[in-house]
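Spelled out, the chains give:
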Amino acid sequence: MRALIIDDSRAMRSILRRIVSGLSFETAEAGHGQEALDQMEAGLDPDLCLIDWNMPVMDGYTFVTRVRANPAWRNVTLMMVTTESEQGQIVRALAAGAHEYVIKPFTPDAIVEKLQLLGLVDKGVLA
Amino acid sequence: MRLGVTMAPASFQQIAALVLRETSIIYEPRKEYLVEARLHPLAVQAGCSSVDQYVALVGVDAQERRKAIDALTINETSWFRDNAPYQAFTETMLPALMASRTERRHISIWSAACSSGQEAYSIAMLLDQHLPAGWTADILATDVSTAMLARVEAGRYSQVEMNRGLPATSLVKYFTRAGSEWQVVPALRDMVRTRHLNLAESYIGIGTFDLVLLRNVLIYFDQPTRHDILRRIHPHVAGDGYLLLGSSETTLDMPADLTALWDREQLGRVQAHRPAGATNRPVHGLSATASPISAALTGA
């Protein structure tokens, strides 16, 4: 399994990388949505994208709509990980095709539990 | 080498000392990554360029100090904790209970040792999704802590708590934003009532329930008290009802009088206790139906 971590904060990418690496994901990183799209168009084939909302060049919401517009990427699981916490924003992201939504701040367990909900991590991980 | 951790050792020591002083929770060395993960978003929100800078701010700003302590002392309870009991509830227990309650059309549940209420409200969400129109339900949430009961009654949860195991679709359906917190919707809140109760003391007047959730609490009592609780809780479980213990508690040794009182029944990955001789058996295949609450929430 491969996770693409998309966040303009290097520290946040590092935190997320440690969490998903601990769940046996290979990881790749991008500093904004366009960089992530470029990597995917170049052949990176992630099973999971962890996506910040507010980033330069291309924000996370736009990235979600672009991924969902391409049938070749229909199996990619998209999870927002963002400080955007307005209810309308969450609804908007889900309607655009995000599967799950984590609001910063979060604990490492929160990421694991969401990935369990999505069926990407075995239920026994936290047992 | 502290792989990937950018926080200075002095900052970690300062924040660990603060949390210890204020809450008695110990953050040991090698937990730097956890502290950093929890403080980084607060640092960003406060406009700090690093967690170290934020820790310095925490030292002089009481409001940020409270936020940092909250982020570092999170109640570990999550929504739909362990998942399997909730799956067993919707797939097996609820259909069986409904099949034998077609006249009364009411389901009653007791969340014993409810803590901050995630278990009670998780069950409430499932009842809302799976009970057909015309059915009602009530959930009694009890705890020894009045502070916890006040939290259940308020039905308000922090951002960090909301992330723990709650599907985003349920978040937007069953909660509304209330400042920096989330408020459970009235329809769900009204399903849950609270009562102060020490499990080691009398249950007189508590009632009888179709399902009693007594999960991850017996481990805090000594063996005689555990047995006493299992003995005294028996009359409060309906004859065809269920008692669910925590996954590590189902194998607790029971004396002969208790094994005579309780049958064990395997429901998928969950082992339930049932009053001995309970006759109804699983009815599989309950489908989600739109209840009046669902209809109200979705505007249908």
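It should be emphasised that the depicted structure is a prediction, and the values quoted were computed from it without experimental measurement.

Enquirer: Where do I start with the interface of chain B and chain A in this structure?
Expert: When the parts of a complex come together, some accessible area is lost, and that lost area is often taken as the interface size. Facing the 31 residues of chain B at the interface are 28 residues of chain A. Counting the surface lost from both chain B and chain A, the interface buries some 2,600 Å², and carbon and sulfur atoms represent 60% of this. The tally of links from chain B across to chain A stands at three salt bridges. Put simply, A:Glu113 and B:Arg164 hold a salt bridge, and the shortest N to O gap is 2.6 Å. For the interface between chain B and chain A, the tally reads 11 residue pairs in polar contact (both at pLDDT 80 or more). Those elements that place two or more of their residues in the side of chain B that touches chain A are helix 2 (32-45), helix 8 (159-162), helix 9 (168-174) and strand 4 (175-178) of chain B. Looking at the side of chain B that touches chain A element by element, the count peaks at eight residues for helix 2 of chain B. Tallied by class, the residues present in the side of chain B that touches chain A amount to 15 nonpolar, 10 polar and six charged.

Enquirer: What is the right way to read the sheet that holds strand 4 of chain B from this model?
Expert: Backbone hydrogen bonds are what pair the strands of a sheet, in a parallel or an antiparallel way. Residue and element names in this part refer to chain B. As summarised here, the arrangement of the three strands in space is 3-5-4, forming an open sheet in which the pairing is antiparallel. Two strands lie at the open edges of the sheet, namely strand 3 (156-158) and strand 4, each paired on one side alone. Between one strand axis and the next, the sheet turns through 35 degrees on average, direction left out of account. Relative to strand 5 (residues 181-184), strand 3 is paired through three bridges, and the arrangement is antiparallel. Note that in strand 5 the partner of Ser158 across the bridge is Glu181.

Enquirer: For this particular structure, what's the right way to read the packing of helix 1 (residues 10-21) of chain A against helix 2 of chain B?
Expert: Each packed pair of helices is defined by two parameters, the angle between the axes and the distance between the axes. Running from N to C, helix 1 of chain A and helix 2 of chain B cross one another at 135 degrees; their axes reach a closest spacing of 10 Å. For the element pair helix 1 of chain A / helix 2 of chain B, the angle class is oblique. Remark: the crossing between helix 1 of chain A and helix 2 of chain B carries left-handed chirality. Contact residues: helix 1 of chain A offers A:Ala11, A:Met12, A:Ile15 and A:Arg18, while helix 2 of chain B offers B:Tyr33, B:Glu36, B:Ala37, B:His40 and B:Pro41. The residue makeup of the contact of helix 1 of chain A with helix 2 of chain B, split by class, is six nonpolar, one polar and two charged.

Enquirer: Hey, could you run me through the pairing of strand 2 (residues 136-143) of chain B in this one?
Expert: Both faces of the sheet carry side chains from a regular strand, because those side chains alternate between them. Residues and elements named next belong to chain B. The buried count for strand 2 comes to seven of eight residues, which makes it a mostly enclosed element. Across six bridges, the pairing between strand 1 (residues 106-111) and strand 2 is parallel. Directly across from Trp110, in strand 2, lies its bridge partner Leu140. For the crossover from strand 1 across helix 6 (residues 118-130) to strand 2, the handedness is right-handed. Relative to strand 6 (residues 192-196), strand 2 is paired through five bridges, and the arrangement is parallel. The partner of Ile139 across the bridge, within strand 6, is Val192.

Enquirer: Teacher, can you tell me more about helix 11 (residues 223-233) of chain B here?
Expert: Because an α-helix packs 3.6 residues into every turn, residues spaced three or four apart end up facing the same way. Here helix 11 of chain B has its buried residues at B:Arg226, B:His227, B:Ile229, B:Leu230 and B:Ile233. Looking straight down helix 11 of chain B, one finds its buried side chains confined to an arc of 155 degrees; they lie on one side.

Enquirer: Would you mind showing me how to read the pairing of strand 4 (residues 77-82) of chain A here?
Expert: Residues and elements named next belong to chain A. Counting buried positions along strand 4 yields six of six residues, so the element is predominantly enclosed. Here strand 4 shows a buried face lined by Thr77, Met79 and Val81 and a second buried face lined by Leu78, Met80 and Thr82. Traced from strand 3 (residues 48-51) through helix 3 (residues 60-68) to strand 4, the parallel crossover comes out right-handed. Note: strand 4 against strand 5 (residues 100-103), four bridges, orientation parallel. Considered in strand 5, the bridge of Thr82 is made with Ile103. In this fold, the crossover linking strand 4 to strand 5 by way of helix 4 (residues 87-96) has right-handed handedness.

Enquirer: Where do I start with the pattern of salt bridges in this structure?
Expert: In a structure, side chains of opposite charge can pair up when their charged atoms sit close to one another. All names here are of chain B. In the structure shown here, the tally under the stated rule is 22 salt bridges over all chains. In this structure, Glu119 and Arg215 form a salt bridge, with 3.4 Å as the shortest nitrogen-oxygen distance. Taken together, the residues Glu119 in helix 6 and Arg215 in the loop between strand 7 (209-214) and helix 11 connect sequence positions 96 residues apart. By the burial criterion, Glu119 is buried, and Arg215 matches it. Note that Asp228 is salt-bridged to Arg232, the shortest N-O span being 2.9 Å. Residue Asp228 and its partner Arg232 are located together in helix 11, separated by four residues, close to a single helical turn. Members of the salt-bridge network, linked through shared partners, are Arg101, Arg104, Asp210 and Asp240.

Enquirer: Explain the nonpolar core to me, please; I cannot follow it from the model alone.
Expert: Burial of nonpolar side chains together is a common tendency in soluble globular proteins. Within the largest apolar cluster, 76 residues are counted, with the highest numbers of intra-cluster contacts made by A:Phe63, B:Ile107, B:Leu127 and B:Phe175. Tallying contributions element by element places helix 5 (residues 84-99) of chain B first for this core, with nine residues. Each residue touching B:Ile107, except ones within four places of it in the same chain, is listed here: B:Leu94, B:Leu97, B:Met98, B:Arg101, B:Leu127, B:Leu131, B:Trp135, B:Thr136, B:Ala137, B:Asp138 and B:Asp210. A:Ile15, A:Leu48, A:Val102 and A:Val112 belong to the second-largest nonpolar core, a separate cluster that totals 22 residues.

Enquirer: Got a minute to help me understand the packing of aromatic side chains in this structure?
Expert: Residues and elements named next belong to chain B. Going through the model one piece at a time under the given rule, you end up with eight aromatic pairs over all chains. Between Trp110 and Tyr203, the aromatic rings sit 5.7 Å apart at their centres with planes inclined by 85 degrees, giving edge-to-face as the arrangement. A residue pair is termed long-range when its members are at least 10 positions apart, and Trp110 in strand 1 and Tyr203 in the loop between strand 6 and strand 7 qualify at 93 residues. Overall, Trp110 belongs to the buried group, its relative accessible area being 0%. The rings of Trp79, Tyr121, Tyr157 and Phe175 are connected pair by pair, giving a single aromatic cluster. Between Arg232 and the ring centre of Tyr203, over which it is positioned, the NZ or CZ distance is 4.3 Å.

So, how was this worked out
Residues numbered from 1 in each chain as written. Chains lettered and ligands numbered in written order. Predicted model: local features only at pLDDT ≥ 70, side-chain atom pairs only at ≥ 80, totals over all residues. Heavy atoms only, no water. Contact = heavy atoms within 4.5 Å. Buried area = accessible area lost by both parts, 1.4 Å probe. Salt bridge = Lys/Arg side-chain N within 4 Å of Asp/Glu carboxyl O. Polar contact = N/O pair within 3.5 Å; in protein donor to acceptor, adjacent residues only side chain to side chain. Helix = DSSP H or I, 4+ residues; strand = E, 2+ residues; numbered from the N terminus. Nonpolar A, V, L, I, M, F, W, Y, C, P; charged D, E, K, R; others polar. Pairing = 2+ DSSP bridges. Axes fitted to C-alpha atoms, helices over the stretch in contact; angles between N-to-C directions. Parallel < 35°, antiparallel > 145°, perpendicular 65-115°, else oblique. Left-handed = near helix turned anticlockwise from the far one by under 90°. Buried < 20%, exposed > 50% of the residue type's maximum accessible area, 1.4 Å probe, protein only. Right-handed = clockwise from strand over helix to strand, strands pointing away. Arc of directions from axis to C-beta. Core = buried A, V, L, I, M, F, W, Y, C linked by side-chain atoms within 4.5 Å. Phe/Tyr/Trp six-rings, centres within 6.5 Å; stacked < 30°, edge-to-face > 60°. Lys NZ or Arg CZ within 6 Å of the ring centre and 35° of its normal.

Nothing here speaks to function; it is geometry throughout.
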